[in-house]
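# Analysis of the macromolecular model
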Amino acid sequence: MSADTRSAREAAAASNQCMDLSILRTTIAGATSLAALFVLCWIGAAVTNLQLSHMFIALFTTAPVESLAALAIGLCSSLLFGALAGLLIAWSYNLLGFLDRGGSGS
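Residues numbered from 1 in each chain as written. Predicted model: local features only at pLDDT ≥ 70, side-chain atom pairs only at ≥ 80, totals over all residues. Heavy atoms only, no water.

Here we come to the overall build of the chain. Along the chain, the regular secondary structure elements total five helices and zero strands. Reading the chain from its N end, one meets helices and strands in the order α-α-α-α-α. Put simply, the chain has 106 residues, and 28% of those count as buried. Considering only contacts in the chain between residues 6 or more positions apart, those separated by 24 or more positions represent 57%. When the accessible area of the chain is evaluated, it comes to approximately 7,200 Å², of which 71% is carbon and sulfur surface. (Helix = DSSP H or I, 4+ residues; strand = E, 2+ residues; numbered from the N terminus. Buried < 20%, exposed > 50% of the residue type's maximum accessible area, 1.4 Å probe, protein only. Contact = heavy atoms within 4.5 Å. Areas by Shrake-Rupley, 256 points an atom, 1.4 Å probe, with all protein chains shown as cover.)

This part takes up a nonpolar patch on the surface. Nonpolar side chains collect at one region of the surface, where Ile23, Leu80, Phe81, Leu84, Leu87, Leu88, Trp91, Leu95, Leu96, Phe98 and Leu99 lie side by side and expose about 1,100 Å² of accessible area between them. Going through the elements one at a time, helix H4 (68-95) and helix H5 (98-101) are the ones with two or more residues in the nonpolar patch. Looking at the nonpolar patch element by element, the count peaks at seven residues for H4. Along the polypeptide, Ile23 turns up in helix H2 (residues 23-47). A residue is classified by how much of its surface remains accessible, and Ile23, at 37% relative accessible area, is partly exposed. (Patch = residues over 30% accessible without salt bridge, like charges linked within 9 Å, V, L, I, M, F, W, Y side chains within 5 Å. Salt bridge = Lys/Arg side-chain N within 4 Å of Asp/Glu carboxyl O.)

This part takes up H4. Here H4 spans 40 Å end to end across 28 residues, near enough to the 40 Å set by a 1.5 Å rise per residue. Those residues of H4 hidden inside the fold are in contact with H2. (Expected span 1.5 Å × (residues − 1).)

Another point: the side chain of Ser78. Relative to the assigned elements, Ser78 resides in helix H4. Reaching out from Ser78, the side chain makes a polar contact with the backbone oxygen of Leu75 at a distance of 3.0 Å. Dropping the residues within four chain positions of it, Ser78 is found in contact with Ala31, Leu34, Ala35, Phe38 and Phe60. (Polar contact = N/O pair within 3.5 Å; in protein donor to acceptor, adjacent residues only side chain to side chain.)

Bringing the packing of H2 against helix H3 (residues 51-58) into the picture now. A pair of packed helices is characterised by two quantities: the angle between their axes and the separation of those axes. Contact geometry of H2 with H3 gives a least axis separation of 8 Å together with a crossing angle of 130 degrees. In terms of their interaxial angle, H2 and H3 are classed as oblique. Where H2 crosses over H3, the two elements pack in a sense that is left-handed. Contacts between H2 and H3 involve Leu34, Leu37, Phe38, Cys41, Trp42, Gly44 and Ala45 from the former and Ser53, His54, Phe56 and Ile57 from the latter. Grouping the constituent residues of the contact of H2 with H3 by class yields eight nonpolar, three polar and no charged. (Axes fitted to C-alpha atoms, helices over the stretch in contact; angles between N-to-C directions. Parallel < 35°, antiparallel > 145°, perpendicular 65-115°, else oblique. Left-handed = near helix turned anticlockwise from the far one by under 90°. Nonpolar A, V, L, I, M, F, W, Y, C, P; charged D, E, K, R; others polar.)

Before going further, it helps to spend a moment on the environment of Leu87. With respect to the element layout, Leu87 can be found in helix H4. On the basis of relative accessibility, which here comes to 35%, the residue Leu87 falls in the partly exposed class.

A separate point is the nonpolar core. Within the largest apolar cluster, 11 residues are counted, these being Phe38, Cys41, Trp42, Ala45, Phe56, Ile57, Phe60, Ala63, Val65, Ala70 and Leu71. Looking at this core, the elements with two or more residues in it are H2, H3 and H4. Of all the elements, H2 adds the most residues to this core, at four residues. Not counting residues up to four positions away in its chain, the partners in contact with Leu71 are Phe38, Val39 and Trp42. (Core = buried A, V, L, I, M, F, W, Y, C linked by side-chain atoms within 4.5 Å.)

Here it is in structure tokens:
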């Protein structure tokens, strides 16, 4: 194997390594995104009578929708499940990275 071929393969591996998602960052992004969406739906349920907001809140808690207990329990639950979703997305994305790496036929 020539030095040029070896350096080209190392460069390709390094560029593929850069394409991996950060598991920690994606986990935190999932948690904060779902928590923010939950708070917005809780505010919407407290201010208006939107059934969609009520149904979203019911995914995370059985407390009365407009109560502070629903906000507290639902916020903790949405943080947990958002983090889990972010973790699974990053893990799956990185696990399936081999699909891109096998495509160079040179």
